[in-house]
Amino acid sequence: MNYEHILFTVQDGLATITLNRPDKLNAFNDQMIQETTDAFKQCARDKTVRCVVLTGSGRAFSSGQDLADVQAREGTFSIGEHLRHGYHRLIKQMLATEKPILGAINGIAAGAGCGIALATDIRIASDKASFMLAFSRVGLVPDSGTNWLLPRIIGQARAYEMAVTADRIPAEKALAWGIVNQVVPHEQLHEAVMAWAMPIATGPTLAYGLAKRAMNRSWDLSLEEALDYEAHMQELAARSHDFGEGVAAFLEKREAHFKGQ
Ligand code: LHQ
C-alpha cells in the first residue's frame, strides 16, 4: 500500500509511523485511518521490526476525526459504521501488535487522536503536548477506545472529568495522572524517544509481546484465569532463543545478545 497521509520507515529494528497531515493538525480522514492500520499490520508481520514509534508531524500529535470531512458527508454517513470499520480496526490492530509501541506525543492529542495515543504502550511526551477528550465540545460521547483505555489508565473519576470538561490536560498533569511515562523539553523529544527505543529494539521481543498480551488479556480474567494464562505465556517465552541466551549471559556475567525470538 502506498501511503499519502502517513510516513513509514523501518530501520535497525525500529519502525516509525508519523501521522502526516500537519495543516489539519493530523486529523484523521478515512484514508489516514486505513494507512495507519496497514502500517501497524506490517509492523506486526515484519520480524525485523522489534519496536514501533507513533508520532505526529508539525505541532500536533492528532486533533482526532477530520470534522470537515464528517460535515461534507452529512446525511450519507453512519458514525457507528465509520467507527466499526475505521478506528476500531486500528485500535484492535495496535493492541494485537505484540511488540512495544512507543507514543512520541509531540503536541495535542484530541478526540480520536487521544484514543490512538492511549492505545500506544508507553507514552513519552513533549512539554508542549496535551490530551483532550474533545468529544463533548461537539456533542459526542468519547469513542475510539477511550472509554475502555482511559479509566484503566487513570481511574474513572479523572477519565469522566476529562469527558465532561473536555479540558486540555497539559503534559505535566498527564504525567502526574499516569497518562504518560515521561515528559521532556520539546526539542529533546526525539532523543528521549530514541533512548527508550534502542534498548527495546534489541531486547527480547517475544517476551515483550507476550507480556503485552497477558496484561491486556488480564482485564477480562479472574485471578485464577490470569495466573493460568501467564503460566501459558511463560511456557512460550521459556521455549525462545532469548530465554536460553538471557540465562547463559547472566551466568557467564556478560551482556545478553537477544534476537527477539
Ligand atoms: C481540524 C481539526 C479537525 C478538521 C484542527 N478536523 N480540521 C469519530 C467518528 C466520527 C465522527 C466524529 O468524531 C469521531 C471522533 C472524534 O475525534 S470527535 C473529536 C474531533 N476533534 C475535535 O473536536 C478537535 C477539533 N480541534 C480543536 O478543537 C482544535 O483545533 C485544537 C484544540 C485541537 C487545537 O487548537 P489550535 O491550536 O487553536 O488550532 P486550530 O484550531 O487553529 O487548528 C489549526 C487548523 O487545523 C485549522 O485549520 P485552518 O485552515 O483554520 O488553519 C483547523 O480547522 C484544523 N483542524 N482540528 N479535527
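First, a word on scope: everything that follows refers to the structure included in this document.

### Here we look at the overall build of the protein chain
Phase 1: Looking only at helices and strands, the protein chain has 11 helices and 10 strands in total.
Phase 2: Scaling as 2.2 N^0.38, a compact globule of 261 residues should have a C-alpha radius of gyration of about 18 Å, and the protein chain matches this with 19 Å.
Phase 3: Taken along its principal axes, the extent of the C-alpha atoms in the protein chain is 65 × 40 × 35 Å.
Phase 4: The 261 residues of the protein chain split such that 46% are buried.
Phase 5: When contacts within the protein chain are restricted to residue pairs at least 6 apart in sequence, those whose partners lie at least 24 apart make up 69%.
Phase 6: Put simply, the protein chain shows about 13400 Å² of open surface, and 54% of that area lies on carbon and sulfur atoms.
Phase 7: Both charge centroids of the protein chain, one from 26 positive and one from 30 negative side chains, sit 1 Å from each other.

### Overview of the packing of aromatic side chains
Phase 1: Enumeration according to the criterion identifies 2 aromatic pairs in this entry.
Phase 2: Seen in terms of ring centroids, Tyr3 and Phe8 are 6.0 Å apart; in terms of plane orientation they differ by 85°. Their pairing is edge-to-face.
Phase 3: The partly exposed category is assigned to Tyr3, whose relative accessible area is 21%.
Phase 4: In this structure Phe8 comes out as partly exposed when scored by relative accessible area, which is 21%.
Phase 5: Residues Phe28 and Tyr87 carry aromatic rings whose centres are separated by 5.8 Å and whose planes lie at 75° to one another, so their mutual orientation is edge-to-face. On the criterion of sequence distance, the pair formed by Phe28 in the loop between β2 (14-19) and α1 (30-45) and Tyr87 in helix α3 (residues 79-96) is long-range, its members being 59 residues apart.
Phase 6: For the cation-ring pair, Arg152 lies above Trp148, with the distance from its terminal atom to the ring centre recorded as 3.8 Å.
Phase 7: Sitting over the ring of Tyr229, Arg217 keeps its end group 4.6 Å from the ring centre.

### Description of the packing of α1 against α3
Phase 1: One can describe the packing of α1 onto α3 by two numbers: an axis separation of 9 Å at closest approach and a directional angle of 25°. Considering their axes alone, α1 and α3 lie roughly parallel with respect to each other. As for the relative orientation of α1 and α3, their crossing is left-handed in sense. Side by side, α1 and α3 meet where Asp30, Ile33, Thr36, Thr37, Phe40, Lys41 and Ala44 of the first sit next to His82, Gly86, Tyr87, Arg89, Leu90, Gln93 and Met94 of the second.
Phase 2: Grouping the amino acids of the contact of α1 with α3 by side-chain chemistry returns 6 nonpolar, 5 polar and 3 charged.

### Points about the packing of helix α9 (residues 205-218) against helix α10 (residues 223-238)
Phase 1: Where α9 contacts α10, the axes come no closer than 10 Å and their chain directions differ by 170°. In this view, α9 runs roughly antiparallel relative to α10, as classed from their interaxial angle. Facing α9, whose interface residues are Leu206, Leu210, Arg213, Ala214 and Arg217, α10 presents Tyr229, Met233, Leu236 and Ala237.
Phase 2: For the contact of α9 with α10, the residue count by class is 7 nonpolar, no polar and 2 charged.

Conventions and cut-offs
- Residues numbered from 1 in each chain as written.
- Predicted model: local features only at pLDDT ≥ 70, side-chain atom pairs only at ≥ 80, totals over all residues.
- Heavy atoms only, no water.
- Helix = DSSP H or I, 4+ residues; strand = E, 2+ residues; numbered from the N terminus.
- Rg over C-alpha atoms; globule rule 2.2 N^0.38 Å.
- Buried < 20%, exposed > 50% of the residue type's maximum accessible area, 1.4 Å probe, protein only.
- Contact = heavy atoms within 4.5 Å.
- Areas by Shrake-Rupley, 256 points an atom, 1.4 Å probe, with all protein chains shown as cover.
- Lys, Arg positive; Asp, Glu negative; His and termini not counted.
- Charge placed at Lys NZ, Arg CZ, Asp CG, Glu CD.
- Phe/Tyr/Trp six-rings, centres within 6.5 Å; stacked < 30°, edge-to-face > 60°.
- Lys NZ or Arg CZ within 6 Å of the ring centre and 35° of its normal.
- Axes fitted to C-alpha atoms, helices over the stretch in contact; angles between N-to-C directions.
- Parallel < 35°, antiparallel > 145°, perpendicular 65-115°, else oblique.
- Left-handed = near helix turned anticlockwise from the far one by under 90°.
- Nonpolar A, V, L, I, M, F, W, Y, C, P; charged D, E, K, R; others polar.

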